[in-house]
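Listed below are the residues making up each chain.
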Amino acid sequence: MTVKLWRFEVSSKPGFRDVHGQAVLADIRECGVSSIQEVIFAKVYLIEADFDEVFAQRVGQELLCDPVCQDFLIGRSTVPAGPMPACVLEVHLKSGVTDPVAESVLLALRDMGAQTVEHVRTARKYILLGALTEKDRDRIIRRVLANDCIEEVVIGSDAEPPSPHTRPYELRLIELPIRDLDEEGLVRLSRERDLFLNLREMQTIQDYYRRIGREPTDIELETLAQTWSEHCVHKTLKSSVEFDCDGQVFHFSNLLKETVFKATQELSKPWCISVFSDNAGVIEFDEDTAVCFKVETHNHPSALDPYGGAATGIGGVIRDPMGTGLGAKPIANTDVFCFGLPNTPHDQVPKGVLHPRRIMKGVVAGVRDYGNRMGIPTVNGAVYFDNRYIANPLVFCGNVGLIPRDKCFKHPQTGHLIVVVGGRTGRDGIHGATFSSGEMTHQHEEIFSHAVQIGNAITEKKMLDTLLQARDAGLYEAITDCGAGGLSSAVGEMGAELGAEVDLEKVPLKYQGLSYTEIWISEAQERMVIAVKPENLEAILKIFAAEDVEATVIGRFTDDKKLTLRYNGVQVGQLEMDFLHEGICKYSRKAVWRTPCLPEPQFPSKDSYTEDLLAILSSYNVASKEWIIRQYDHEVQGGSVIKPLMGAANDGPSDAAVIRPKYHSNRGIAIACGMNPCYGDLDPYQMALSGIDEAVRNLICVGARFDRIALLDNFCWGDCSRPQTFGSLVRAAQACYDGAKAFGAPFISGKDSLNNEFVCEDGTRIIIPPTLLISAVGIVEDIRKCVTMDLKEPGNFLFIVGLTRKEMGGSHLSRLHGQTGGTVPKVDLNLAPQIAQRLSEAIADGLVRSCHDCSEGGLAAALAEMAFAGGLGIQADLRGLPISQDCRTAAEQLFSESNSRYLVEVTPACYHAFAKRMLNLPFGQIGEVVEQPRLQIRDAHQRLVIDADLDALKAAWKNPLSLG
Amino acid sequence: MTTVHAVVLRAAGINCDLETQHALELAGAAVQRIHINRLKENPALLDGFQILVLPGGFSYGDDVAAGKILANQILHHLRDAMRTFLEKGKLILGICNGFQVLIKTGLLPGFNGGGQTSFTLTDNDSGRFEDRWVYLQPGTDRCVFLDPGRRIYLPIAHGEGKLVAKDAAALEQVRQGGYAAFRYVDAAGNPGPFPVNPNGSVDDIAALTDSTGRILGLMPHPERFVRWTQHPHWTRLKINEQEPADGMMIFTNAVRYIREHF
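Residues numbered from 1 in each chain as written. Chains lettered and ligands numbered in written order. Predicted model: local features only at pLDDT ≥ 70, side-chain atom pairs only at ≥ 80, totals over all residues. Heavy atoms only, no water.

Draft legend 1. Structural detail: helix H3 (residues 68-77) of chain B. With 7 of its 10 residues buried, H3 of chain B lies for the most part within the structure. Those residues of H3 of chain B that sit buried are Lys-68, Ile-69, Leu-70, Ala-71, Asn-72, Gln-73 and Ile-74 of chain B. (Buried < 20%, exposed > 50% of the residue type's maximum accessible area, 1.4 Å probe, protein only. Helix = DSSP H or I, 4+ residues; strand = E, 2+ residues; numbered from the N terminus.)

Right, here's the structure in full:
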């Protein structure tokens, strides 16, 4: 038999819903094209194989098509007859892009007995019915159907798909002369090769090559660029800083070490096992087990390709715990997003930028598909909206892992084999690390399409399953993930103290044609590097092979402290480890902070604030995120205790997640976050403290121990070469030190992403607001004592613990009324930890029926949420509210977002015990739980300032983000 | 007392195997998790077990269609072993992706000895993956896994869970023959639109059994509600720890059945 190209098209049977076609039609309408009446979808399979017509019919019938609801045809379908104009578009993957469905089809064809199958590809075919201008067609292609980074669209029913075949690679060693370049030449070299190295760094490299007396090869420069990228070494946060804060001068010789790290060092908690040194921070869980936690950002890729960027974001951060110590088992994901406003008109979206709605849908789908497929519950998160994120969406993905106490450290040694496990290497993700370290422009979409990585969760899941078996069998000595910088970073880091030699031609490739440098710096996903003793090699390879996971020896660790790279026996690069890891020049930077003088917001006194409350509940930042949450599997692994949505109708917003990671223990892990970009413009120091206080509050609310809280920082800022921008970051870093010390909550890991700026076509710059995400992990002694935020029983008392101050700056009420200035909420570093500790003890003693913190929207919003989550009303009276002297008006008392405040429901039987516990703290009885489903709040003069039906409150809160 | 041996099938992308093992162990079974590759090499491995569970997950990424590639492997490598397994009176349980696999192999509902696909599970009407809790009313009294008449509460978590019949005749046969093991209902036991029926399944059917009542496939996840703190509003309930959580019904009945019959 000869090999022939078989083309199959599979589409919905008449009478069955064409779900994909309809979804695309809805997206087309959403992007403003109303002339299309219908979209018909077909999945296309292109199979190059030697089977005959009879077998091909079987393939269509038994494998590719679902005979109940789908039809298939071999060949090409024609457009439906009729007067309606039709446009046929086929979306193919670009040459070299991984096609996981094709791989599964190949496997299935072999199961069916097919002999020679040379190639399988898949594509999506859309028939658009309705009048369509060329301009609209191109817009639909760009904005709805295809991602230009990885896909190619073929127009017309007869057009040929792109060829999948790539040329083989022949070794050509490239030297990049650097020794004789002048300054201009160095800058040009860096720019032309997309190295993102600045002049000083290029000069440092030039000096090195002058000293050793030769020119660098391309792979050496690329390795240096990866290793020295902002993404990998955090040169800004580790620089020395002259900081002028409102005239007061501070000096730091290493900002990070003297703020965030320093708090951890000084706290010196015995339950911290590994901090800031591995891929994730590690703390004690119980006698045998530890917890690790890491949060990463994947901002730039998600701006270009929301689905793929977010998917590889979560996929990447899952590999961090997997690559911590000797490998943790991932048990929970977190996700926090910042987007532009979903209702932004299309003509206000800058060129080169996707609409916030498209970004949001794509990002959510990416996290959903990857996290759900991995079988890791996504349990906690948050979403913030601000149009300064329109061109730089922020995508924070976190992962929590569980690891045996005796597997928390790695020990690579000379002579160990370097083994790459998991996915194959392709051209995807080249320059991701360097690309993500720079700012973006309207042309990025075209220039950096190759920087987007392609994810395949099943490859990662298979790898995880086998790695855990190999770990438990003690068959490898070290592990790390291939993240930013690919093999270059992974091998470079693991061998930093030893030296390593790698034979690049041994790395398994997705397709031929990659140069030695592309192999080395590719950020292709789902790969881990392990160090294996030669005597264990056979046993470990057997474990991988048994479950179809690829693992290949690509080199060994040496003792010469050099990184040696070969291709087919030819040395293509050699770098001294010392220079690679320590050679980067130290920076000193200037930072300035001037506290803005803006007037306090003024709110006219009113008789009723019910409308304000409804408006705040329905603002995007406060509104229910149920549409997102339910798309995530938050219960897989069977450990869920406090789910993201709880309450009488399973829709109240939980403060934190709790999981029980071991089936035979009642000990739990609580996970929460805190973030307040709204405060950052006014006071980044208090913004950061507020984030810490909020994260701690959220943990305390569900029943976490006060004395076992660990924090993670993620700084996302603009261009920190501007002293003002850097100044706000330094303020936030100072707050991290103060906050961590005050709460006794050490930072255990962190990451930064700078240069989140976008230069529009006309030169205007969109800069994100200073954004610090604080993630927190805590221990729950006995999960059966956890509490939730929904009201439980009529007749119970409602207390508020914590002081309400006149702190309206950055509040939701201020935003609602267009007020920009004012005092932002502060954290009383003495009082806040005391409140948190006492409340945590009260919950552990079983004195609390429900607990919720006051955050966005203040007291009024928190009361509303507790009420509608429990389906029970509240009679509240502001006379019971502990307030500062100046917090006089009902508006301030209802909507101030003062920190460190908790609303607590207590039964009459526990009233005295609870009150005794809170003695000497600012607390007061603010109301009572009632049967009647209304929220009624009276002010100091007994006027009914809020009076609302729970259904109305809940509807206002639930509807805005139901995106369908 | 007979030791009941259960096997939980693993494959690329299966991800509910550990909690399924745990649920079976709580019910008293001795459990092994075995990869499909081992069964392909040696189908006789199945002989040592009386309960086969196909757990949830995304086998092979749900490429082509949910459960399709794993179903194809079973059809081409384990057809005889599965037949023997069933002929000996043993039990097969498919949860979520496992149900999708059983449907796509034709084992469910398995009219005329199986092999034909008369039903399928396809994209939810909502067009997206949903994780939410649902009430389930038994629709038959001849399936060994359930307590006839006992309504239970379980979570679903799937994107392709809408049951669709090939034609009216197939649906009628399911209705008349007691093949509908569970239907989606509200807390009071009445049918209703989304979210009561979370995916648009025909006739509100959430689970199917075969003519013997010894195969059960269901979209909801019983292994995710085996203790009370997994309930979505357990903090509101007066909990009796002694009373088993709803999901245990499926596993306990399976283990008891084997004890009584082997």
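That covers the picture; the talk isn't over yet.
Draft legend 2. A look at the interface of chain A and chain B. Taken residue by residue, the interface counts 73 residues in chain A and 58 residues in chain B. At the boundary of chain A with chain B, total buried surface from both sides reaches about 5,100 Å², with 50% on carbon and sulfur atoms. By the criterion of area lost to chain B, the three top residues of chain A are Val-68, Asp-111 and Arg-630 of chain A, representing 12% of everything that side buries. For the pair chain A and chain B, the number of links is 6 salt bridges. (Contact = heavy atoms within 4.5 Å. Buried area = accessible area lost by both parts, 1.4 Å probe. Salt bridge = Lys/Arg side-chain N within 4 Å of Asp/Glu carboxyl O.)

Draft legend 3. Molecular detail of unusual backbone geometry. Residues and elements named next belong to chain B. Residues Leu-108 and Pro-109 are joined by a peptide bond in cis, for which omega reads -10°. On the secondary structure map, Pro-109 appears in the loop between helix H5 (97-105) and strand E5 (119-122). The omega torsion of the bond from Phe-194 to Pro-195 falls at 5°, within 30 degrees of zero and hence cis. Assignment of secondary structure puts Pro-195 in the loop between strand E9 (180-185) and strand E10 (205-209).

Draft legend 4. Structural detail: the nonpolar core. Ranked by internal contacts, the top residues of the largest apolar core, which has 114 residues, are Ile-47, Phe-51, Val-59 and Leu-109 of chain A together with Phe-182 of chain B. When residues no more than four places from it in sequence are discounted, the contact partners of Val-59 of chain A are Phe-8, Ile-47, Phe-51, Leu-64, Leu-109 and Met-112 of chain A. (Core = buried A, V, L, I, M, F, W, Y, C linked by side-chain atoms within 4.5 Å.)

Draft legend 5. Inspection of empty space enclosed by the protein at higher detail. All names here are of chain A. Tallied over the full model, the rule gives 11 cavities of 30 Å³ or more. Of the pockets and cavities examined, the largest cavity occupies roughly 710 Å³. Contributing to the lining of the largest cavity are 38 residues, with Gly-381, Ala-382, Lys-625, Pro-653 and Ser-654 lying nearest its centre. Among the elements of the structure, strand E12 (329-339), strand E13 (378-385), helix H22 (626-629), strand E28 (668-674), helix H24 (684-702), strand E35 (850-853) and helix H28 (858-870) are those that each provide at least two residues to the lining of the largest cavity. With 7 residues, E13 is the single largest residue contributor to the lining of the largest cavity. (1 Å grid on protein atoms, 1.4 Å probe; cavity = no way out; pocket = protein on both sides within 12 Å on 5 of 7 lines; lining within 4 Å. Points joined across faces, edges and corners; volume = space filled by probe spheres on them.)

Draft legend 6. Quick peek at the sheet that holds strand E11 (residues 215-218) of chain B. Residues and elements named next belong to chain B. Across the sheet, 9 strands lie side by side as E2-E1-E3-E4-E11-E10-E9-E6-E7; this open sheet has mixed pairing. Among the strands making up the open sheet, the edge pair consists of strand E2 (30-35) and strand E7 (152-158). Between one strand and the next, the sheet's axes are offset by a mean angle of 25°, whatever the strand orientation. Relative to E11, strand E4 (residues 91-95) runs parallel, the two sharing 4 bridges. (Pairing = 2+ DSSP bridges. Axes fitted to C-alpha atoms, helices over the stretch in contact; angles between N-to-C directions.)

Draft legend 7. Main features of the side chain of Asn-392 of chain A. Residue and element names in this part refer to chain A. Inspection of the secondary structure puts Asn-392 in the loop between E13 and strand E14 (394-404). Relative accessible area serves as the criterion here: at 2%, Asn-392 is assigned to the buried category. For Asn-392, the side chain forms a polar contact with the main-chain nitrogen of Glu-757, separated by 3.5 Å. (Polar contact = N/O pair within 3.5 Å; in protein donor to acceptor, adjacent residues only side chain to side chain.)

Draft legend 8. Geometry of the pairing of strand E10 (residues 281-284) of chain A. Residues and elements named next belong to chain A. Pairing between strand E9 (residues 272-274) and E10: 2 bridges, direction antiparallel. Along E10, the bridge assignment pairs Cys-272 with Ile-283. Turn length for the E9-E10 hairpin, with the two strands adjacent in sequence and antiparallel, is 6 residues, and the turn residue Phe-276 shows positive phi of about 55°. Relative to strand E11 (residues 289-297), E10 runs antiparallel, the two being bridged by 4 bridges. Opposite Glu-284, over in E11, you have Ala-290 as the bridge partner.

Draft legend 9. Examining the sheet that holds strand E7 (residues 240-245) of chain A more closely. All names here are of chain A. Strands sit in the order E8-E7-E23 across an open sheet of 3 strands; the sheet is mixed. Looking along the sheet, the strands with just one partner apiece sit at the ends: strand E8 (248-252) and strand E23 (588-593). Each adjacent strand pair in this sheet contributes to an overall mean axis angle of 15°, direction not counted. In terms of strand pairing, E7 meets E23 through 6 bridges, oriented parallel. Counted as the bridge partner of Cys-245 is Trp-593 from E23. Those strands touched by helix H25 (residues 723-743) are E7, E8 and E23, and its axis lies near 85° from that of E23.

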